[in-house]
Amino acid sequence: MVDTTQYLVLGAILFCLGVAGVFIRRNAIVIFMCIELMLNAVNLTFIAISRSLGSIDGQVFVFFIMTVAAAEAAVGLAIILSLYRRRQTINVDEVNLLKW
Amino acid sequence: MEQVLFWICGVVSIVFAVMMILKRNPVHSALCLIVVFLCLAVSYLLLGAEFLAAVQVIVYAGAIMVLFLFVIMLLNLDDEVHSPGKPRMALIAGSSIGSGLILLFLLTGGVFKALSGTRGAEKVVAGNTQAVAELLFTKYLLPFEVTSILLLAAIIGAIVLAGKKG
């Protein structure tokens, strides 16, 4: 029986790696993948705490998070596609029209 | 046994997450992310969530990552070039990892300590697909239906954004 804290630590490490990826990388698609990684880290935390509480509600929430992630991936990739069609780049440093 | 599997999955997922960040080629990043997702699916199995492990493999490692790979190959990108004059980014990233980890440890520790007092008596049964479905179609019926509308909106949005030329 693995301690719940170990799962929480694993989730925290994966989440921080996702955050670091968003900061380091300039490719919009890779930034998107890092966001997916963060969502998965949260899912792991949800399931670990759900087990430790002996309740199954956390797993239902993970189900909803997965659905929202799928919707987000579809819309986000469509945005990246249309961005590439207009600007011929997906480097986020060159897409700065709204940047203050 | 569970400990061994957990450590293997944890170490492999962290290593491949780091590789995903460091690889220049986005296709390699996507493949590393698939490995991370599969390791997380094994972790879900260890936690007794078989349904979510299956959904993780089918939806995340299958559908979503195929979508990512499709878009990467559609755009035919070159390897990412490091934009010069951005050495601060590594510093920001390092400090964000450090402070984020500390913050998350504190938060999850605090939440866990607060919750462990209210530990429920009911046991999570071994075959949990039925339990998840029962909860999904009774207590969380309205959110479930709202989710379907969200997916519809996402489909329409994706078609509007990516469908037409120009």
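Residues numbered from 1 in each chain as written. Chains lettered and ligands numbered in written order. Predicted model: local features only at pLDDT ≥ 70, side-chain atom pairs only at ≥ 80, totals over all residues. Heavy atoms only, no water.

Draft legend 1. Representation of the environment of Asn25 of chain B. All names here are of chain B. By secondary structure assignment, the location of Asn25 is in the loop between α1 (2–22) and α2 (26–46). A residue is classified by how much of its surface remains accessible, and Asn25, at 22% relative accessible area, is partly exposed. C-alpha separation for the pair Asn25 and Leu69, spaced 44 residues apart in sequence, amounts to 12 Å. (Helix = DSSP H or I, 4+ residues; strand = E, 2+ residues; numbered from the N terminus. Buried < 20%, exposed > 50% of the residue type's maximum accessible area, 1.4 Å probe, protein only.)

Draft legend 2. Molecular detail of the interface of chain A and chain B. On the chain B side, the residues contacting the 70 residues of chain A number 80 residues. Carbon and sulfur atoms make up 76% of the area that chain A and chain B hide from each other, which totals about 7000 Å². Counting the surface chain A buries against chain B, the share from its top three residues, Arg25, Met33 and Met66 of chain A, is 9%. Our count for the chain A to chain B interface comes out at two salt bridges. A salt bridge links Glu2 of chain B to Arg51 of chain A, with the shortest nitrogen-to-oxygen separation between them at 3.7 Å. Here chain A and chain B share nine residue pairs in polar contact (both at pLDDT 80 or more) between them. When residues of the side of chain A that touches chain B are assigned to their parent elements, the largest contribution, 25 residues, is made by helix α3 (residues 57–87) of chain A. For the side of chain A that touches chain B, the residue count by class is 49 nonpolar, 13 polar and eight charged. (Contact = heavy atoms within 4.5 Å. Buried area = accessible area lost by both parts, 1.4 Å probe. Salt bridge = Lys/Arg side-chain N within 4 Å of Asp/Glu carboxyl O. Polar contact = N/O pair within 3.5 Å; in protein donor to acceptor, adjacent residues only side chain to side chain. Nonpolar A, V, L, I, M, F, W, Y, C, P; charged D, E, K, R; others polar.)

Draft legend 3. Local environment of the side chain of Thr45 of chain A. Residues and elements named next belong to chain A. Along the chain, Thr45 falls in helix α2 (residues 28–53). In this structure Thr45 comes out as buried when scored by relative accessible area, which is 19%. With sequence-adjacent residues up to four places away left out, Thr45 is seen in contact with Leu8 and Gly11.

Draft legend 4. How the structure looks around the confidence of the model for chain B. Residues and elements named next belong to chain B. Predicted confidence across chain B gives a mean pLDDT of 83, with 83% of residues reaching 70 or more. Mean pLDDT values over the elements of chain B span from 73, in helix α4 (residues 88–116), up to 94, in α2. The ipTM value of the predicted complex is 0.92, and its pTM value is 0.85. (pLDDT = per-residue confidence, 0-100.)

Draft legend 5. Quick look at the pattern of salt bridges. Counted by the stated rule, this structure contains three salt bridges over all chains. When the shortest N-O distance is used, the salt bridge between Arg26 of chain A and Asp93 of chain A registers 3.5 Å. Of this pair, Arg26 of chain A sits in the loop between α1 (4–24) and α2 while Asp93 of chain A is found in the segment after α3, placing the two residues 67 residues apart along the sequence. When the shortest N-O distance is used, the salt bridge between Asp57 of chain A and Lys139 of chain B registers 2.7 Å. Here Asp57 of chain A, found in helix α3, pairs with Lys139 of chain B, found in the loop between α5 (129–138) and α6 (141–163), and the two come from separate chains. Exposure remark for Lys139 of chain B: the relative accessible area of 54% places this residue in the exposed category.

Draft legend 6. Examining α2 of chain A more closely. All names here are of chain A. The end-to-end C-alpha distance of α2, which contains 26 residues, comes to 38 Å, matching closely the 38 Å that a straight helix rising 1.5 Å per residue would cover. For α2, the tally of buried residues reaches 22 of 26 residues, placing the bulk of the element in the interior. Capping the start of α2 is the job of one residue whose side-chain oxygen sits 3.0 Å from the backbone nitrogen of Ile29: Asn27. Of the residues flanking the end of α2, it is Gly54, one or two places downstream, whose phi is positive at about 70°. (Expected span 1.5 Å × (residues − 1).)

Draft legend 7. Structural context of the nonpolar core. If you look at the biggest cluster of nonpolar residues, it comprises 65 residues, and the most contacted ones within it are Ile29 and Met33 of chain A together with Phe68 of chain B. Only α1, α2 and α3 of chain A together with α1, α2, α3 (50–75), α5 and α6 of chain B provide two or more residues apiece to this core. It is α2 of chain A that contributes the most residues to this core, 13 residues altogether. Built from parts of two domains, this core gets at least three residues from each of domain 1 (2–121) and domain 2 (122–166) of chain B. Setting aside residues up to four positions removed in sequence, Met33 of chain A forms contacts with Met20, Pro26, Ser29, Ala30, Leu33, Met65, Phe68 and Ile72 of chain B. (Core = buried A, V, L, I, M, F, W, Y, C linked by side-chain atoms within 4.5 Å. Domains from an automatic or database assignment.)

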